[in-house]
Structure formats: C-alpha cells, structure tokens
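The residues making up each chain are set out below.
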Amino acid sequence: MTETSRWRRLPVWLFWSLATIVLWGAWGLVSKIASGGVDAYVNQLLYTAGLAPLLVFVALTVRRRSRRESSASGEGSESQEKRAARARGVFWAFLTGILGGVGNLAFFQAMVKGGKASVVAPVTALFPMVTVLLALVFLKERLGRVQWVGLGLAFVAIYLLSA
Amino acid sequence: MHVWLGFAVLALVLWGITGVTQKLSTNRISSERSFLWFCWAMVALSAAVLVVARPHWGLATGVVVCSVAGGALNGLGAWTSFRALESGGKASIVISLISLYPLLTVVLAVLLLGERLTWTQSAGAVAAIAAAILLSLEAPQTKQA
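Please read all numbers here as calculations on a predicted model, not as lab measurements.

Caption draft 1: Seen up close, the overall build of chain B. Counting its regular elements, chain B contains six helices and zero strands. Secondary structure elements in chain B, listed N-terminal to C-terminal, are α-α-α-α-α-α. For chain B, the C-alpha atoms occupy an extent of roughly 60 × 40 × 30 Å along the three principal directions. The proportion of buried residues among the 145 residues of chain B is 45%. Restricting the contact set of chain B to residue pairs at least 6 apart, pairs at least 24 apart contribute 71%. Put simply, chain B shows about 7,300 Å² of open surface, and 69% of that area lies on carbon and sulfur atoms.

As structure tokens, this is what we get:
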C-alpha cells in the first residue's frame, strides 16, 4: 500500500483527533518555554493575540451560516422561545470562556512557579474528573464502573505526580 | 503542597467546570457559535487582565512567539476537536484519543527541554492519561429508577 492511499484511508475524524493531540501537546511545551520570561497575565494577553485569527475565521463562518439560514427560513421568523434559548446558550459559552481563561492563568502560573511541563500537563489533563463529579452531584448522572475506576485512578495519579 | 501543584489543581477544577458549562451551551447553540463566544470571553478576560498586567517592552522574541503560539495552538486544538466530533467520530473514542495529548507534552518536554521524571512521577503520568481516557468513556445507559 502506498503512503498516499494509506492517508486516504485515514478517517476524517481520526485526522482531526490526531491534529488535536499534536496541537494541545505542543501547547504544553510552548507554555513552559514562555513561562521562563513572562508572567501569567502578560501571557494571557499574548495568548489572546494568538487566538485572534481563529476568532475572526470562526466569526465569519458563523455569520455566513446565519445569513444562509435566515434567508432560507425567512427574516424574523425566530420565535421568542428560540431567542431565549440562544441567549442562554451564549451565556453558558461566555462563562465557559471566562472559566477556561482563568484556568489558563492558573495553568501558566503553575509553570511559572516551577512546575514541569511533563507533570503539569498530565495533572491538568485530569479535568474530566471534576466534570464527572459535578455531573454526578448536580445532574444526578450515573457513573459506569469504568468511570469509577478512572476517578480513583485520577486521585492516585495526582498523588504520584506530586511526589 | 508545592505552590505549582495548587495552581495546577485550580486549572483542573476550572477546566472541569467548563465541561458542564460547555455542555449547557452546546445543548442550546451550535458548537461553532459556542466556540465564538468562548473566544469573545477570552478577549473580555484579557481586557480585564490589562488592568493588573504590567506589559513591558523588551520581552525576548522567543518568549513572545511561544506565548502567541500557545493561544493559536490551544484555540486550533479546540477547533480540530469540534471537527473530529462533527465528522462522524464517536464521542467516547474521539475524547479518549484526544486525552492522550499530555503524553506528547511529556515526550516533547523530556526530549526538548531536558526535563526528567522520577519513576513515581512517570507512573503518575501514565496513570493520569489512563484515568483521563477511562473518565471520558460514557457510562452505559441505565434504566431510570
């Protein structure tokens, strides 16, 4: 099998998943390098500058799609209920950004304070344990046996990594 | 407790909460629109940070490049993860696979930054990645009591 056909056989979702691993994996590395010469606040400013081109791209995409959808369904046909749901969705997205940004500040500060990239990245990657715990407590979701094992293993991992 | 560990756990907790808030958002609006507002929140946060930040000229070029690249890499990573989910990948598989990203950071930090992990920390890193994968696997559907 040639290299080209091998790539063609790669499912699209797998390509995007591998791209995510590379991008986020490299993010941990560059954050550690940057932590040697800049504080967490300035890093957040520069980080946002790096995010800006993607923001513009996504904003244009969303705008194009909104125009297409509104011309297809007729202007002003959106019900009040739909508008309210959208406003709530925007609120939660905005809150996600604020919490994520403050999380970024803490992540960067961990590195500024001497945390190794090879330790801070695995510790912070355990964030699904909090999501799972919140879903368990507030959303009354049930956990499978595998998730319980994952939760236990997460605590063990933090203990080992902090040694 | 090490100071850095306290900040790392704080990041873990805050990012963990975003797992819920993001779901509450994407239940109501598209992931693209949700991501857009996520980015606007970052801009708003940065504007607030300007009040306390003391940006100064003379930062080393390499440091500036790495900080800016950090924003681009993290943002693009979020975008590619959405694409992975939207292009037919099963959520439990995609998220489990993506959970491997700290492994790459560990490898790069050891190879390029010369970081060394103790045996205990190495075991911790492996346990952390395994835990993240297990946590991302969806619980089987159970009958309502």
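Here the narrative resumes.
Caption draft 2: The pattern of salt bridges, seen in detail. Following the criterion strictly, the structure yields one salt bridge over all chains and no others. Between Arg65(A) and Glu32(B) there is a salt bridge; the shortest N-O distance is 2.9 Å. Of this pair, Arg65(A) sits in helix H3 (residues 40-73) while Glu32(B) sits in helix H2 (residues 31-52), placing the two residues on different chains. Overall, Arg65(A) belongs to the partly exposed group, its relative accessible area being 35%. Assessed through its relative accessible area of 16%, Glu32(B) is described here as buried.

Caption draft 3: Spatial organisation of the packing of helix H2 (residues 12-34) of chain A against helix H4 (residues 80-112) of chain A. Residue and element names in this part refer to chain A. Interhelical geometry of H2 versus H4 gives an angle of 60° and a closest axis separation of 9 Å. Judged by the angle between their axes, H2 and H4 are oblique. Between H2 and H4 the crossing geometry is right-handed. Residues Trp27, Gly28, Ser31, Lys32 and Ala34 of H2 form the contact with H4, whose participating residues are Asn104, Phe107, Phe108 and Met111. Taken together, the residues that form the contact of H2 with H4 break down as five nonpolar, three polar and one charged.

Caption draft 4: Representation of the interface of chain A and chain B. Taken together, the contact pairs 102 residues of chain A with 103 residues of chain B. Interface of chain A and chain B: buried area, both sides summed, is about 9,600 Å²; carbon and sulfur atoms make up 79% of it. Three residues, Trp13(A), Trp16(A) and Trp24(A), lead the burial of chain A against chain B; their summed loss comes to 7% of the area buried on that side. Inspection of the chain A/chain B interface yields one salt bridge. Along the contact surface separating chain A from chain B lie 20 residue pairs in polar contact (both at pLDDT 80 or more). If one sorts the elements of the side of chain A that touches chain B by residue count, H4(A) sits on top with 23 residues.

What counts as what
Residues numbered from 1 in each chain as written. Chains lettered and ligands numbered in written order. Predicted model: local features only at pLDDT ≥ 70, side-chain atom pairs only at ≥ 80, totals over all residues. Heavy atoms only, no water. Helix = DSSP H or I, 4+ residues; strand = E, 2+ residues; numbered from the N terminus. Buried < 20%, exposed > 50% of the residue type's maximum accessible area, 1.4 Å probe, protein only. Contact = heavy atoms within 4.5 Å. Areas by Shrake-Rupley, 256 points an atom, 1.4 Å probe, with all protein chains shown as cover. Salt bridge = Lys/Arg side-chain N within 4 Å of Asp/Glu carboxyl O. Axes fitted to C-alpha atoms, helices over the stretch in contact; angles between N-to-C directions. Parallel < 35°, antiparallel > 145°, perpendicular 65-115°, else oblique. Left-handed = near helix turned anticlockwise from the far one by under 90°. Nonpolar A, V, L, I, M, F, W, Y, C, P; charged D, E, K, R; others polar. Buried area = accessible area lost by both parts, 1.4 Å probe. Polar contact = N/O pair within 3.5 Å; in protein donor to acceptor, adjacent residues only side chain to side chain.

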